[in-house]
Amino acid sequence: MKEYDYIIVGGGSSGCIVAARLVREQRARVLLLEAGSGHYNPVLKMPAGYMKYLASDAYLTMHQTEPQPQLDGRGVIVPQAKVLGGGSTVNAMVYMRGHTQDYDDWNAHVAGSGIDWSWQTLLPHFTAIEDNDHLGAPNHGVGGPMKVSHLGHFSPLSRAYVKTMQGLGIPYTPDFNTGNPFGVGFMQHTIDWKTRKRCSVVDAFIEPLRDDVNLFIETNAQVEEILFEGDRAVGVRYQRKGVSESARATREVILSAGAYQTPKILMLSGIGPKQHLEEQGITVRLDLPGVGQNLQDHYEVPVVATTNGAFGYYGQDKGWPMVKAGLQYMLFKSGPVTTTGVETCAFFDPLDFNATPTIQMFCVPTVYLDRDVMGQDPGHGVTVNSLLLRPKATGRVWLRSRDPADLPHVDTQIFGHPDDLARTIAGFRFARQVVNALPLHEMIEKEIFPGEETLSDEAIAAHCKRMVKTGYHPVGTCRMGSDDDPMAVLTADLRVRGIRGLRVVDASMMPNIISGNTNAIVMAVAHRAADFIMNFEVVDNIAAGQPEGEVA
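These numbers were taken from a predicted model, which means no experiment stands behind them.

1. Side note on the overall build of the chain
The secondary structure content of the chain amounts to 13 helices and 26 strands. On C-alpha atoms alone, the chain measures out to a radius of gyration of 23 Å, which is about the 24 Å that the 2.2 N^0.38 rule sets for 552 residues. C-alpha atoms of the chain, sized along the principal axes, occupy 70 × 50 × 45 Å. In the chain, of all internal contacts separated by at least 6 residues, the share reaching a separation of at least 24 is 69%. Looking at the chain as shown, the accessible area adds up to about 20100 Å², and 51% of this sits on carbon and sulfur atoms.

Okay, here's the thing in structure tokens:
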């Protein structure tokens, strides 16, 4: 059995950053295991290229969630990246940090731990990672490995949307990442402003270490269980190319497989809700009832209108427009290929502009729903999506079987709390106001979906239930918490409670979802977690009673 200092399960945004820091700064021997491929189509390097793979299983695992009674039996598809770099390789590249209130809520969950998860504590980790194209101290970093920039192209619809929102009372903001993302503006993305290419965690953190003798990367490696000696995690067993292999970690095993796979691996290893594990015939190593619970995500609902001109990106991915745009990109690094197609958004509460934002509203300069959904062919138009930032309902993840190859059950509980549907309806109504307000309305022909005849709360609720989709941000299934919280899976320094040498560093650690796209937050958490692992941050409450300062 091969031996390493650390084994990291999951080569996504968090796993790659932790691996890179341990190798570079501690000179540790690190094995990074990724279930997906280590290679991907070069089209994904282009800002607009990810749209080619949104519905593809080439680099995504498609989780079919449980039928939702509150959605009239619908089960929503939720994709998860299966490629080295994880979401940072396939996502829409939005760089968003959330609201200071989100981190205050985290702190409330770990009260008494001696560890602070406030905005001010995390800010140095955000800035250490970042190399921003035009924003600097104190809120942004310059010279870090992760390139962050504005897009290279904006459509007329995006510009009109920003002006329209200001006319409706939503102020312009030049920077959503100062801890108070209220207002409307243009989003920043993890794109290199020099090359106009995606900057993934592989580009930023792994490629500079490709020749380092201490970094070992194995892709297409499906971890089946954690190995133990007593109450200590000492390695993993995994399948690669049909062969079962095992590896040993002398210091820690770190799970970074995401909000669906991390709890699955814990449960397959005997850590989770006792009754469920016994039902699956799995020997219970530790009864942790919170494993797989507290699932949260962002959910969005569209208003779609046609336009009276070709102001957006419909049809730009076919024929001569595609060839023209491709040539412009290759020759000048400009034009439609330098946009993600989602260029602007607004943060606000549609019921109270003075309240903490509850809605993130995106303007998408195209009609991307198909004929089967809308009842007519898509064409030139605009889609305004109202995304719920802080849903109150929580779902769960649990095992389908004890077979590691089986995907887990996922119950999202979308609109499982009545306030979530009510707030979404309010967001939808405001989106309709936006479409009908100047100057955006000058470009609008008519609302086509759900249609102007959809007026009552009942009719709008039916539309929301039919059309609600994931924001691709599942979190929370192994949340951290205080010692007296029976549902907390992790300590405040992200150790699995009651187990030595085992830590979780991914989006599943969040007690509550962040108000915005989650990739930037996951990267900052990983950067801070590396400090915990390397003991740069001395903490008082060590899992399983270890002496302060001892490396697990």
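2. Structural notes on the side chain of Ser 482
Looking at the element boundaries, Ser 482 is found in the loop between strand E25 (469-470) and strand E26 (502-504). Here Asp 484 takes part through its side chain, which lies 2.6 Å from a polar atom of the side chain of Ser 482. Setting aside residues up to four positions removed in sequence, Ser 482 forms contacts with His 109, Val 110, Ala 111, Ala 488 and Arg 497.

3. With respect to the environment of His 39
Summarising the element assignment, His 39 is placed in the loop between strand E2 (30-33) and strand E3 (60-64). Overall, the relative accessible area of 67% leaves His 39 in the exposed class. Sequence separation of His 39 and Phe 449 is 410 residues, and the distance between their C-alpha atoms is 39 Å. For His 39, the residues in contact, after removing those within four places along its chain, are Tyr 59 and Val 83.

4. Describing the pattern of salt bridges
Counted according to the given criterion, the structure contains 27 salt bridges. Put simply, Arg 500 and Asp 231 hold a salt bridge, and the shortest N to O gap is 3.2 Å. Placement of Arg 500 in the loop between E25 and E26 and of Asp 231 in the loop between strand E13 (221-229) and strand E14 (232-240) is noted, with a sequence separation of 269 residues between them. Residue Arg 500 is classed as partly exposed on the basis of its relative accessible area of 26%. Residue classification places Asp 231 among the partly exposed positions, given a relative accessible area of 35%. With a closest N to O distance of 2.6 Å, Glu 252 and Arg 503 form a salt bridge. Residue Glu 252 is found in strand E15 (residues 243-255), and its partner Arg 503 is found in strand E26; the two are separated by 251 residues along the sequence. By the burial criterion, Glu 252 is buried, and Arg 503 matches it. Through salt bridges that share partners, Arg 21, Arg 24, Glu 25 and Asp 531 make up one connected network.

5. Quick notes on the UniProt feature "domain: Glucose-methanol-choline oxidoreductase N-terminal" (unreviewed entry) in the chain
The sites that UniProt annotates as "domain: Glucose-methanol-choline oxidoreductase N-terminal" (unreviewed entry) are residues 81-104 and 258-272. Along residues 81-104, the helical share is 38% and the strand share 12%, with 29 Å between the first and last C-alpha atoms. Helix makes up 73% of residues 258-272 and strand 13%, with an end-to-end C-alpha separation of 16 Å.

6. Quick look at the pairing of E13
Two strands pair when backbone bridges link them, and E13 and E14 are joined in this way by eight bridges, in the antiparallel orientation. By the bridge assignment for E14, Phe 228 is matched with Ala 233. Where E13 folds back on E14, the antiparallel hairpin that results is connected by two residues, among which Gly 230 adopts a positive phi of roughly 65 degrees.

7. With respect to a nonpolar patch on the surface
Among the surface-exposed residues, Trp 320, Met 322, Val 323, Leu 327, Met 330, Leu 331 and Phe 332 lie close enough to one another that they form a single nonpolar patch of about 790 Å² accessible area. As for its placement among the helices and strands, Leu 327 is situated in helix H9 (residues 319-332).

8. Section: the domain arrangement of the chain
According to the domain assignment, the chain contains domain 1 (1-97 + 199-295 + 397-402 + 474-510 + 519-536) and domain 2 (152-186 + 297-393 + 415-467). Using only C-alpha atoms to locate each centre, domain 1 and domain 2 end up separated by 32 Å. On the side of domain 2, 21 residues touch domain 1, which itself brings 19 residues to the contact. Summed over both sides, the interface of domain 1 with domain 2 buries roughly 1500 Å², with 56% coming from carbon and sulfur.

9. Some points on the nonpolar core
Soluble globular proteins tend to bury their nonpolar side chains together. Core analysis: the biggest nonpolar cluster contains 91 residues, and Leu 22, Trp 106, Trp 117 and Leu 502 have the highest contact counts within it. Counting residues per element, this core draws most heavily on helix H13 (residues 519-533), at eleven residues. In contact with Trp 117, other than residues within four places in its own chain, are Tyr 103, Trp 106, Asn 107, Val 110, Leu 122, Met 480, Ala 492, Leu 494, Met 509, Val 525, Arg 528 and Phe 532. Counting 65 residues, the second-largest nonpolar core is a separate cluster that includes Val 184, Phe 347, Phe 428 and Ala 461.

10. As for unusual backbone geometry
Following Ala 137, the chain continues to Pro 138 via a peptide bond in cis, the omega torsion being 5 degrees. Relative to the elements of secondary structure, Pro 138 occurs in the loop between strand E6 (130-132) and strand E7 (146-148). Each neighbour pair has its own omega, and for Leu 438 with Pro 439 the value is 5 degrees, a cis peptide bond. Inspection of the secondary structure assignment puts Pro 439 in the loop between helix H11 (418-435) and strand E24 (444-449). In this model, Asn 294 sits at a positive phi of 65 degrees, which is unusual for a non-glycine residue. Relative to the assigned elements, Asn 294 resides in the loop between strand E17 (286-287) and strand E18 (299-307). Assessed through its relative accessible area of 13%, Asn 294 is described here as buried. Despite not being glycine, Gln 413 shows a phi value in the positive range, around 55 degrees.

About the cut-offs
Residues numbered from 1 in each chain as written. Predicted model: local features only at pLDDT ≥ 70, side-chain atom pairs only at ≥ 80, totals over all residues. Heavy atoms only, no water. Helix = DSSP H or I, 4+ residues; strand = E, 2+ residues; numbered from the N terminus. Rg over C-alpha atoms; globule rule 2.2 N^0.38 Å. Contact = heavy atoms within 4.5 Å. Areas by Shrake-Rupley, 256 points an atom, 1.4 Å probe, with all protein chains shown as cover. Polar contact = N/O pair within 3.5 Å; in protein donor to acceptor, adjacent residues only side chain to side chain. Buried < 20%, exposed > 50% of the residue type's maximum accessible area, 1.4 Å probe, protein only. Salt bridge = Lys/Arg side-chain N within 4 Å of Asp/Glu carboxyl O. UniProt positions renumbered as here; feature names shortened; annotations may be inferred. Pairing = 2+ DSSP bridges. Patch = residues over 30% accessible without salt bridge, like charges linked within 9 Å, V, L, I, M, F, W, Y side chains within 5 Å. Domains from an automatic or database assignment. Buried area = accessible area lost by both parts, 1.4 Å probe. Core = buried A, V, L, I, M, F, W, Y, C linked by side-chain atoms within 4.5 Å.

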